[in-house]
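# Overview (structure and organization)
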Amino acid sequence: MNNSIAVFLVRRLVPVFCSITASVMFFGCSSAPLTDAEKAILFRKEDPAKECKELKTVSEKGYPAFGCEMECVKNKVRRVAFELGGNYIRLDTYGEARDGGYSTLSATVFHCSK
């Protein structure tokens, strides 16, 4: 193979490879199983009890082409909630992926005394 073909291929393939690598790093592939503590975090559409303390609003997205369907996105939110010390997640908005798009989820994390 002569140098001009090699240079052409590198110029064409490196940006594609970098784009795919960046997408996988940003969107993630299917996530590891949840720990028991993460599984114990309640995920509801309803407001929590009034004595619960709001910690943070969290937004996550996943890309089904990289193995992250809605359940994966919910697991990402559960992990963030666990890191914040939350034990209740109120689902605010969500959107299922359509036509190769993203699954998105916005939720509010609370800590409720038990």
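Above this text sits the structure in question.
Remember, it's a predicted structure, so these values are computed and weren't measured experimentally.

### Quick notes on the overall build of the protein chain
Of the regular secondary structure elements, the protein chain holds three helices and four strands. Starting at the N terminus and walking to the C terminus, you meet the elements of the protein chain as α-α-β-β-α-β-β. Contacts in the protein chain between residues at least 24 apart in sequence constitute 74% of all its contacts with a sequence separation of at least 6. When the accessible surface of the protein chain is split by element, carbon and sulfur atoms take 57% of a total near 7700 Å².

### Re the state of the cysteines
If you walk through the whole model with that rule in mind, you get two disulfides. Disulfide pairing places Cys52 opposite Cys112 at an S-S distance of 2.0 Å. On the sign convention where negative means left-handed, the S-S torsion of about 120° between Cys52 and Cys112 marks this disulfide as right-handed. Of the two residues, Cys52 sits in the loop between β1 (42–44) and β2 (53–62) while Cys112 sits in the segment after β4 (103–111), which places them 60 residues apart along the sequence.

### Quick look at the packing of aromatic side chains
In this structure the tally under the stated criterion is two aromatic pairs. On the numbers, 6.3 Å between centres and 75° between planes, the contact of Tyr88 with Phe110 is edge-to-face. Taken together, the positions of Tyr88 in strand β3 (residues 88–95) and Phe110 in strand β4 put the pair 22 residues apart, joining distant regions of the chain. Each member of the pair, Tyr88 as well as Phe110, is classed as buried. The ring centre of Phe43 lies 5.2 Å from the NZ or CZ of Lys74, which sits over that ring.

### Focus: the environment of Pro48
Relative to the helices and strands, Pro48 is located in the loop between β1 and β2. Taking the C-alpha atoms as reference points, Pro48 and His111, 63 residues apart in sequence, are found 9.3 Å from one another. With residues up to four places along the chain from it excluded, the contact list for Pro48 reads Tyr88, Phe110 and Cys112.

### Describing the side chain of Arg90
The topology assignment puts Arg90 in strand β3. One polar contact links Arg90 to Asp92, side chain to side chain, over a distance of 2.8 Å. If sequence neighbours within four positions are ignored, Arg90 has contacts with Arg44, Lys45, Glu46, Asp47, Ala107, Thr108 and Phe110.

### As for the sheet that holds β2
What the four strands build is an open sheet, ordered β1-β3-β4-β2; its pairing is mixed. Edge positions in the sheet fall to β1 and β2, since each has one partner strand and no second. Taking each pair of neighbouring strands and ignoring which way they run, the sheet shows an average axis angle of 25°. As judged from the seven bridges shared by β3 and β4, these two strands associate in the antiparallel manner. Across the sheet, Ile89 pairs through a bridge with Val109, a residue of β4. Against the sheet, helix α3 (residues 70–84) touches β1, β2, β3 and β4, its axis set at about 145° to β2.

Parameters at a glance
- Residues numbered from 1 in each chain as written.
- Predicted model: local features only at pLDDT ≥ 70, side-chain atom pairs only at ≥ 80, totals over all residues.
- Heavy atoms only, no water.
- Helix = DSSP H or I, 4+ residues; strand = E, 2+ residues; numbered from the N terminus.
- Contact = heavy atoms within 4.5 Å.
- Areas by Shrake-Rupley, 256 points an atom, 1.4 Å probe, with all protein chains shown as cover.
- Disulfide = S-S within 2.5 Å.
- Phe/Tyr/Trp six-rings, centres within 6.5 Å; stacked < 30°, edge-to-face > 60°.
- Buried < 20%, exposed > 50% of the residue type's maximum accessible area, 1.4 Å probe, protein only.
- Lys NZ or Arg CZ within 6 Å of the ring centre and 35° of its normal.
- Polar contact = N/O pair within 3.5 Å; in protein donor to acceptor, adjacent residues only side chain to side chain.
- Pairing = 2+ DSSP bridges.
- Axes fitted to C-alpha atoms, helices over the stretch in contact; angles between N-to-C directions.

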